[in-house]
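# Structural characterization, general
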Amino acid sequence: MIEAAAGAVAVRVPGDKSISHRALMLAALASGTSRLRGVLSSADTRATAAALRALGVAIPALSEDGAEIVVEGVGLRGLRGDGAVLDCGNSGTTARLLTGILAASATRAALDGDASLRRRPMDRVVAPLRAMGADIQAADPVRPTLPLRIGPARLGPADHRSAVASAQVKSALLLAGLVAGVPVRVCEPRLSRDHTERMLRAMGVAVPTGEAEPGGPAAPCAAVVPVDALRPLDLQVPGDPSSAAYMAALAGAVPGAEVRLLGVGLNPTRTAFFEVLRAMGAEVSAERHAFAGAGQPSDAAGGAGEPSGDVVVRGGPLRGVAVDPELVPALIDELPLIAALGAVAEGSTRIRGAAELRLKESDRIAATVAGLRALGATVEEMDDGLVVAGPTRRLRGRVEAHGDHRLAMAFGVLGALPAGAVEVDDPHCVAVSYPGYWQDLIRVRAAWGIA
Ligand code: S3P
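Residues numbered from 1 in each chain as written. Predicted model: local features only at pLDDT ≥ 70, side-chain atom pairs only at ≥ 80, totals over all residues. Heavy atoms only, no water.

Of the regular secondary structure elements, the chain holds 13 helices and 22 strands. Dimensions of the chain, computed from the C-alpha atoms along their principal axes, are close to 60 × 50 × 45 Å. Scored against the burial criterion, the 451 residues of the chain give a buried share of 59%. Once local pairs closer than 6 in sequence are excluded, the contacts in the chain between residues at least 24 apart make up 74%. Roughly 16400 Å² of accessible area belongs to the chain as shown, and the carbon and sulfur atoms make up 52% of that amount. (Helix = DSSP H or I, 4+ residues; strand = E, 2+ residues; numbered from the N terminus. Buried < 20%, exposed > 50% of the residue type's maximum accessible area, 1.4 Å probe, protein only. Contact = heavy atoms within 4.5 Å. Areas by Shrake-Rupley, 256 points an atom, 1.4 Å probe, with all protein chains shown as cover.)

Set out below in structure tokens:
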């Protein structure tokens, strides 16, 4: 959605996808009435809403303008699956978080998804849940993937060391502990996004955090202390920084262009892309809103401890960057976009330590390399990343998005640059996270006078 603002074109990007999934699930598990504003209405979040409805929760239709929805929670142990098959579509967050919740619930249900989701590894949540006592059946018991059949079970406590920094793994296990009423701690090699922890605290749960072993190698941990009931949510979902990143990237790559991104989530586990864009030569500033409270504007984070604010980006000539592997979890979904910017930046752009990208909605390393090469860029592929040698002055051609929304949007930025001539084979896949993406892109370009 484009709004008029003095001096710069302003864009209000859709609600945060990660926070929207969690808000719907946790409102369903709360005791009492939750009020949620700004929930993302996209294919992924609609899959979560539909799954919760099939589990007996009255979730209203998600509105495209983010209008308030009211959810009557069924309580921590109130979900009723009755053997239903829940279609998670393309959404890994729906599948993995619901696996944790259902494994601990006194009900039976199955989870399935589209061809991409059926290829993605579920062992990272299934193995630790089975170790807690979960009853989860998959066609391949050793390398489980969807569909999964989940039966009722009594789970024991867990202290899990995840091999990957994954908010989906962390959240699935913390939610399983909460529903089962047992303490759970999850440690990971680097801190992944912490929306679940923040939201649970807002609902009255103690979520202690700390290092696995004081004085040992870095391994941030989060734990849940069991409660009888969750307090309902009153939440304004901020704009998704991962969606804002595309508009920021476009402005950043056009010298003289400026964009103001309204009400974007500024949780530090999500904002590393903006640092990278600044390091590449764009001017990036954030005007943080105060946390919500009486009399605060509705944009001002609205509970669940999530900071938000406006992000203003001014374009400049871009130079290549070496992305610090330590930052990877805080910009994991933006890496194809950084690679795309690398193709128009002066010098080389290096991404390493990002093997997880091969396990996303598509193999995002292979697909990014193939797409950029199809446009004429020089790219080297590695097991855990890639190196782009920029700049390529005239990027032109047709790219395959492999049905992956983040690839379609990243290549879309290259197509929206002045003189860009990029055709994306499957533009509709943006519906997964940012349904109005192409319209917003067209209007931003028009506001800057790009023909
Ligand atoms: C998400 C976590 C990340 C991210 C995904 C959404 C979440 O995945 O890539 O788009 O909402 O928890 P991992 O947790 O698997 O890294």
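Attention now goes to the side chain of Arg270. Relative to the elements of secondary structure, Arg270 occurs in the loop between β14 (258-265) and α9 (272-279). One polar contact links Arg270 to Asp16, side chain to side chain, over a distance of 2.9 Å. Those residues in contact with Arg270, other than ones at most four positions away along the chain, are Asp16, Ser18, Arg193, His195, Asp240, Pro241, Ser242, Ala330 and Glu334. (Polar contact = N/O pair within 3.5 Å; in protein donor to acceptor, adjacent residues only side chain to side chain.)

With that settled, the discussion passes to the environment of Leu372. Considering the arrangement of structural elements, one finds Leu372 in helix α11 (residues 364-374). When the C-alpha positions of Leu372 and Arg398 are compared, they lie 9.8 Å apart, and in sequence the two are 26 residues distant. In contact with Leu372, other than residues within four places in its own chain, are Ala339, Ala340, Ala343, Ala377, Val379, Val388, Phe411 and Leu414.

Let's shift gears to the packing of helix α3 (residues 92-103) against helix α6 (residues 167-180). Geometrically, a packed helix pair is captured by the angle between its two axes and the distance between the axes. Running from N to C, α3 and α6 point in directions that differ by 30 degrees, and their axes come no closer than 7 Å. Taken as axis vectors, α3 and α6 run roughly parallel relative to one another. The two elements α3 and α6 meet at a crossing, and its hand is right-handed. Between α3 and α6, the residues in contact are Gly92, Thr93, Arg96, Leu97, Gly100 and Ile101 and Gln168, Ser171, Ala172, Leu175, Ala176 and Val179, respectively. A breakdown of the residues in the contact of α3 with α6 according to their chemical character gives six nonpolar, five polar and one charged. (Axes fitted to C-alpha atoms, helices over the stretch in contact; angles between N-to-C directions. Parallel < 35°, antiparallel > 145°, perpendicular 65-115°, else oblique. Left-handed = near helix turned anticlockwise from the far one by under 90°. Nonpolar A, V, L, I, M, F, W, Y, C, P; charged D, E, K, R; others polar.)

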